[in-house]
Number of protein chains: 2
Amino acid sequence: MTHPVSPLARPFPDLPAISGVTPRVARARYKDWDRCDLSFVELAPGTAVAGVTTTSKCPSPEVEWCRSALHQERARALVVSAGNANAFTGGRGRAAVEMVVNTVSTQLNCSVDEVFVSATGVIGVPLPQDKARTGLEAAFIAEPCSWRDLTDAIGTTDTFAKAATTSAMIGDCRVELVGVIKGSGMIAPDMATMLGYIFTDAAIAPALLQQMLSAANRQSFGCITVDSDTSTSDTVLAFATGQAQHALLETMGSPGADAFAAALADLCRQLAHLVVRDGEGASKFIEIRVTGAVSDESAHRIALSIANSPLVKTAIAGEDANWGRVVMAVGKAGEPAERDLLSIRFGGVEVAAQGVVIEGYDEAPVTAHLKGSEILVEADIGLGSGRATVWTCDLTHGYISINADYRS
Amino acid sequence: MTHPVSPLARPFPDLPAISGVTPRVARARYKDWDRCDLSFVELAPGTAVAGVTTTSKCPSPEVEWCRSALHQERARALVVSAGNANAFTGGRGRAAVEMVVNTVSTQLNCSVDEVFVSATGVIGVPLPQDKARTGLEAAFIAEPCSWRDLTDAIGTTDTFAKAATTSAMIGDCRVELVGVIKGSGMIAPDMATMLGYIFTDAAIAPALLQQMLSAANRQSFGCITVDSDTSTSDTVLAFATGQAQHALLETMGSPGADAFAAALADLCRQLAHLVVRDGEGASKFIEIRVTGAVSDESAHRIALSIANSPLVKTAIAGEDANWGRVVMAVGKAGEPAERDLLSIRFGGVEVAAQGVVIEGYDEAPVTAHLKGSEILVEADIGLGSGRATVWTCDLTHGYISINADYRS
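Remember, predicted model here, so these are calculated numbers, not experimental data.

Cut-offs and rules
Residues numbered from 1 in each chain as written. Chains lettered and ligands numbered in written order. Predicted model: local features only at pLDDT ≥ 70, side-chain atom pairs only at ≥ 80, totals over all residues. Helix = DSSP H or I, 4+ residues; strand = E, 2+ residues; numbered from the N terminus. Rg over C-alpha atoms; globule rule 2.2 N^0.38 Å. Buried ≥ 20, exposed ≤ 12 C-beta atoms within 10 Å, placed from the backbone. Contact = placed C-beta atoms within 7 Å. Expected span 1.5 Å × (residues − 1). Arc of directions from axis to C-beta. Pairing = 2+ DSSP bridges. Axes fitted to C-alpha atoms, helices over the stretch in contact; angles between N-to-C directions. Parallel < 35°, antiparallel > 145°, perpendicular 65-115°, else oblique. Left-handed = near helix turned anticlockwise from the far one by under 90°. Nonpolar A, V, L, I, M, F, W, Y, C, P; charged D, E, K, R; others polar.

Draft legend 1. Up close: the overall build of chain A. Of regular secondary structure, chain A possesses 11 helices and 15 strands. For a compact globule of 408 residues, the expected C-alpha radius of gyration is about 22 Å, and chain A comes in at 22 Å, within 12% of that figure. Overall, the C-alpha framework of chain A stretches about 70 × 50 × 35 Å when taken along its three principal axes. For chain A, buried positions account for 61% of its 408 residues. Within chain A, residue pairs in contact and separated by at least 24 positions form 81% of the contacts whose partners lie at least 6 positions apart.

Rendered as structure tokens:
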């Protein structure tokens, strides 16, 4: 965490313990630093697991392992290495993953398929097995740690620790959900994005958990972008220990399933927003709402075209209500749009409609809105009822400083 | 031209006169500046014209006018306004275009469809008719100007004047080609891109000129990107006055047509490269070559994914051989790719192959290459014979400074 804390940072929340979840951290020293960089989370037997992973065609061996292990639907452990992504490392990378899962399965006397792994950091350097083994052995005998310690240990270029919590009532049983997440750059949609872990004591069938997580993902991690760059390692896993005392949720028709799905979606949205708030160099949190597109999918693509436009993002960094650049981004999206039907709002104030700027629109509230740190840009396409919302941050000198200096 | 001259700038070349082409410039004062910002190029009767325009769904009225006028295949005049793009200005923008073409057609006693128009600058403000009329009237009585004066007059945020020339032999008749171009930001492929004008004294049927221009465009302007943002106003027009003394080129089978098409393609490539060299904030000119893709189209999309990646562009700005980011960009392109078949070169030196970094590759020449200003990145996908080359520039603090400060 060598960069200044994001001005959009949120304080670390109070988080409840989740029955059946025991996190520990240790020093593997993947990089030349004095911090915990190996996380080991032990999960109670029978924990259900669901996950979504990157759509990258060049995924890391950790991602490939998780995809395969998810078929077994049960988890006993999660191991996260920070500082080395182990991506694009061929057979040596795969061997490192096998060593990690074998070591943990021996320790816990469980199947290797119940061990989930992630790694994040530099691409192209195989995870050093000696360091990973040293870290694991230290973690096995460490005291259980706090959520804050776990969140710090999974971070790399993150400037603040990101976590969220919510709860749901299943019948008269309250279940807790906790999520921790890391990510700041190489953040783009159409995938699971970043490393995020959700823990709950709810009792829920794995297939249902997967269904709920996939739906929540589409409305949260699938709707954020920092820099349009999709990582090789993105993974979000949800673990449900089933320690809460309620009847198992088996289908969306089970009593309480709706409440749990809503809580999970809310948690994912909170976590996704935190990642945008820690976007590299971010000084503004930007919500882009598109309405009136020919379909929700079309609206989503237009919203992302706006959110990924360097010219829109720099204009907002400069606190400039440059709606012309929004027009440009709508126009380049490749989706149906008609200039003369388009209208654009900043902070709720319509600045352009029907192909022309609004004569004499009140600039004062727009200017004031743009000087704030929470920016709302709305574009109505005027063709249909498709709608979508995405979140991004502005593009500032900070992004360049972070990424032109980051060395492999 | 308030920003420092690009370190990648090229000197303005010596350009020959083109028989039948008479440029003049004047002050319309579209902005509060003391420079020529209205260009009026008179073309000999019978001049053939071809053009390609932006694929934006929100094109400017000038683009719409040119698309329509191109059907007539003949041009007598070109008018370019700099400082105001007249885009997204509804009926008032269209009225301004009509005033301009009516004024010129009266002056030259030609059809309005023989008058081609462009405008570049701020989006969303209707072109002020009084300023345009004043500028036109001054241009009508001005002395003919140099190519350099014309190039300066069409520029906006350009940091250097961009033009190129070549020639072709048609039989034993030498024909000349001159191109002038403006553009620095809001540059992305899949369209005609920017404002560029090509003049030749060759005698060529308009349909053939269009065929050649479209082909040249695909290999030049269609292969560059500065910031992935597609303008509302991009236009490239080619004017052939037919003053050279050779038999009319009517089809690609006409003697000399091959030579002319090759010269036109060369000119377009020169002009496209000049735009990248003036990319906002650029410090490195980057060529991305992709080979081994499943098709040329797939290779093109992968190359653009690399060229548009903020993380690749900032790594090169930082002179970092961060091939992991190239892997990331290949992976996110959505095209067939197999991590374990991929190989990557910087400056001709293979740094990664078959899913792993090359052990002990010679870093010295790679480091030296990256310290230069002409960077070559090659990615072989290992799946087929599809290939493509695109050109871009790096992403630096200069881009942020230019675009976070640019005010409407």
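Next comes the rest of the write-up.
Draft legend 2. Here's a closer look at helix H2 (residues 90-108) of chain B. All names here are of chain B. When the terminal C-alpha atoms of H2 are compared, their 28 Å separation across 19 residues agrees well with the 27 Å that a helix rising 1.5 Å per residue should span. Residues Gly93, Ala96, Val97, Val100, Val101 and Val104 constitute the buried set of H2. Projected onto a plane normal to the axis of H2, the buried residues spread over an arc of 120° and lie on a single side. Of the exposed residues in H2, those oriented more than 90 degrees away from the buried face are Asn102 and Thr106. Considering only its buried residues, H2 is in contact with helix H1 (61-69), strand E3 (74-84), strand E4 (115-122) and helix H3 (129-140). Phi for asparagine 109, located one or two positions after H2, is positive at around 55°.

Draft legend 3. Quick look at the pairing of strand E11 (residues 343-346) of chain B. Residue and element names in this part refer to chain B. As paired elements, E11 and strand E12 (residues 349-353) share four bridges and run antiparallel to each other. In the sheet register, isoleucine 344 faces E12, and the bridge partner there is alanine 352. In sequence, E11 turns back onto E12 through a hairpin of two residues, with glycine 347 there showing a positive phi of about 55°.

Draft legend 4. Just the packing of helix H8 (residues 310-317) of chain B against helix H9 (residues 323-331) of chain B, in detail. Residues and elements named next belong to chain B. In contact at an axis separation of 9 Å, H8 and H9 are set at 160° when each is read in the N-to-C sense. Judged by the angle between their axes, H8 and H9 are roughly antiparallel. Remark: the crossing between H8 and H9 carries left-handed chirality. Contacts between H8 and H9 pair Leu311, Val312 and Ala315 from the former with Arg325, Val326, Met328 and Ala329 from the latter. Partitioning the contact of H8 with H9 into residue classes produces six nonpolar, no polar and one charged.

Draft legend 5. Local environment of unusual backbone geometry. All names here are of chain B. Positive phi, close to 60°, is recorded for asparagine 86, a residue that is not glycine. Structurally, asparagine 86 can be placed in the loop between E3 and H2. Positive phi, close to 55°, is recorded for glutamate 319, a residue that is not glycine.

Draft legend 6. Region of interest: the packing of helix H1 (residues 61-69) of chain A against helix H2 (residues 90-108) of chain A. Residue and element names in this part refer to chain A. At their nearest, the axes of H1 and H2 sit 9 Å apart, and the two run at 50° to each other. With respect to their mutual orientation, H1 and H2 come out oblique. In the crossing of H1 with H2, the sense of the turn from one axis to the other is right-handed. Across the interface between the two elements, Pro61, Glu62 and Trp65 of H1 pack against Gly93, Arg94, Val97 and Val101 of H2. Its residues placed into classes, the contact of H1 with H2 shows four nonpolar, one polar and two charged.

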